[in-house]
2 protein chains.
Amino acid sequence: MTESKPTARRTAETDESRPGAARPGRPRSERAEKAILDATVDLLAEESGVDGVSMEAVAARAGVAKTTIYRRWPNKEALIVDALGALKGPLPELPGTGVRDDLLTLARYMSVERGLKASRCFWNVVGGAEKYPELYERYRQDVMLPRREVYLDVLRRGVERGEVRRDVDVNVAVAMLVGAFAYHKPPDPLPDGFGEQLVDTILRGISTD
Amino acid sequence: MTESKPTARRTAETDESRPGAARPGRPRSERAEKAILDATVDLLAEESGVDGVSMEAVAARAGVAKTTIYRRWPNKEALIVDALGALKGPLPELPGTGVRDDLLTLARYMSVERGLKASRCFWNVVGGAEKYPELYERYRQDVMLPRREVYLDVLRRGVERGEVRRDVDVNVAVAMLVGAFAYHKPPDPLPDGFGEQLVDTILRGISTD
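Here is a short report on the structure shown in this document. Quantities reported herein were computed from a predicted structural model and do not represent experimental measurements. (Residues numbered from 1 in each chain as written. Chains lettered and ligands numbered in written order. Predicted model: local features only at pLDDT ≥ 70, side-chain atom pairs only at ≥ 80, totals over all residues. Heavy atoms only, no water.)

Brief notes about the nonpolar core
The nonpolar side chains of a soluble globular protein tend to be buried with one another. Basically, it comes down to this: Buried Ala, Val, Leu, Ile, Met, Phe, Trp, Tyr and Cys residues that are joined via side-chain atoms within 4.5 Å together make up what is termed a nonpolar core. Each residue is assigned to one of three classes by its accessible area relative to the maximum for its type, calculated with a 1.4 Å probe on protein chains only: buried under 20%, partly exposed between the two thresholds, exposed over 50%. Two residues qualify as a contact provided that any one of their heavy atoms is within 4.5 Å of a heavy atom in the partner residue.
In terms of nonpolar packing, the biggest core is built from 71 residues, with A:Ile69 and B:Ile69 touching the most fellow members. Apart from the residues lying within four places of it in its own chain, the contact partners of A:Ile69 are A:Ile36, A:Met55, A:Val58, A:Ala59, A:Val64 and A:Leu79. Membership of the second largest hydrophobic core comes to 63 residues, among which are B:Val99, B:Phe181, B:Tyr183 and B:Ile202.

Dropping the structure here:
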């Protein structure tokens, strides 16, 4: 990020009074960036979705000048991609003790995540795919495909360890895992024990034993 | 439908020259209705999705008076639900010779259907769920849930016949089947042989043998 003069609404005093907020000495530009990304996510999660996100609206919500946003992001698509990436965050650390343990960890994470603001943002980006194809494509490249690689790696390790049959198409298994969660689009409730049943049904379908 | 004076753009002559078009003697009101539903689907499949559908736009596209639409549909949500229901049409007839044959028939149908206009409409309705929750809910009730019942019935018959284990949660199996297709959102291509591999992996997971 280039030098900037953020005018973030929150003062350093306010930030320091909140747990997990900016450390003393954290650069103001970093705080402005966080305010901008938070504002983008908030707007994106609202009912008007991608349509409702504009540089003007983000600046107003974040309490920064529009120029502060343009210094870092050339357009709203780039801003949204970064905001979503930051929001989704890394997947949980995997125990690595076996394919079932890893898949259950991922399934539990997906069960929680679907209730979060991130999920509304995700569906709004997917829903806007026809209207904003470049945004969807960037989101796919920057967020969805790296995640898919994590899921695939779990299954590939399972094959290497002899837990998963060699003739299994790991792409199909990933589509079953992630797609089954998407089938219950929020706010549809997820049936009790869904993640565990899903993982065990998939495992029975792909296991060597 | 009450008495109407449709002014459908297509004349009877034009219709009769097309295969599968109106039979001679088909009431003009029926032709107007078809023109209205077709126009709704066309608009819904376009990039602006549900936003782009209005009574005005449908009337213009269908070549009918707005009053002709209002005689039958009180608002655009009702019109969209009927249009989608008509478009998706019935699922294919199932062979009924076993759970694998039935699932393969459904999977082949889903493989084809995802390339059709219906699929773009579906994603636009799903994408507009935050903004048009009543439309999404009606679509769910009128189109998605009846389809889900067909899938569930295939699996329940499999349980009755002893092909599918009694402890399988058939809802999870349906989420795996339908969700896996949704995971490859068009225009992402479907991997070769996807439907068959998916069905066979699911079956291995739920079969008694």
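From this point on, the discussion continues.
Description of the interface of chain B and chain A
Keep this limit in mind: Buried area: the sum, over both parts, of the accessible surface (1.4 Å probe) that disappears when the two are put together. The term salt bridge refers to a pairing of a side-chain nitrogen on Lys or Arg with a carboxyl oxygen on Asp or Glu at a separation within 4 Å. Within 3.5 Å is the distance limit for a polar contact, defined as a pair of N or O atoms, with the added protein rule that one can donate a hydrogen and the other accept it, and that residues adjacent in sequence qualify only through two side-chain atoms.
Contact residues are listed per partner, giving 35 residues for chain B and 35 residues for chain A. Together, the buried faces of chain B and chain A total about 3,500 Å²; carbon and sulfur atoms form 60% of this surface. On the chain B side of the interface with chain A, the three residues burying the most area are B:Glu130, B:Met176 and B:Tyr183, jointly 20% of the side's total. Applying the counting rule to chain B against chain A returns zero salt bridges. Viewed at the interface, chain A and chain B are joined by two residue pairs in polar contact (both at pLDDT 80 or more).

Thoughts on the relation of the copies chain B and chain A
We apply this condition: We superpose the copies by least squares over the C-alpha atoms of residues that have a pLDDT of at least 70 in both of them.
Overlay of chain B on chain A (RMSD 0.0 Å): rotation 180°, translation along the axis 0.0 Å. Taken together, the turn and the small shift mark the pair as related by a two-fold rotation axis. When the interface residues of chain B are mapped onto chain A, 100% of them are again interface residues, pointing to one common binding face.

Comments concerning the packing of helix 6 (residues 99–113) of chain A against helix 8 (residues 133–160) of chain A
All names here are of chain A. Spelled out, the test is: Structural elements are reduced to axes, namely lines fitted to C-alpha atoms, with helices fitted over the stretch in contact, and the angle between N-to-C directions of any two is expressed from 0 to 180 degrees. Only DSSP runs of H or I reaching four residues or more are called helices, and only runs of E reaching two or more are called strands; each is numbered from the N terminus. Orientation labels follow simple angle bins: below 35 degrees gives roughly parallel, above 145 gives roughly antiparallel, 65 to 115 gives roughly perpendicular, and whatever is left gives oblique. Take the far helix as your reference; a near helix turned counterclockwise from it by less than a right angle gives a left-handed crossing, and one turned clockwise gives a right-handed crossing. Classification convention: Asp, Glu, Lys, Arg as charged; Ala, Val, Leu, Ile, Met, Phe, Trp, Tyr, Cys, Pro as nonpolar; all other residues, Gly among them, as polar.
Contact geometry for helix 6 and helix 8: axes closest at 9 Å, N-to-C directions at 155°. As judged from the angle between their axes, helix 6 and helix 8 are roughly antiparallel. The crossing of helix 6 and helix 8 is left-handed. On helix 8, the residues touching Val-99, Asp-102, Leu-103, Leu-106, Tyr-109, Met-110 and Glu-113 of helix 6 are Arg-147, Tyr-151, Val-154, Leu-155, Arg-157 and Gly-158. Per-class residue counts for the contact of helix 6 with helix 8 are eight nonpolar, one polar and four charged.

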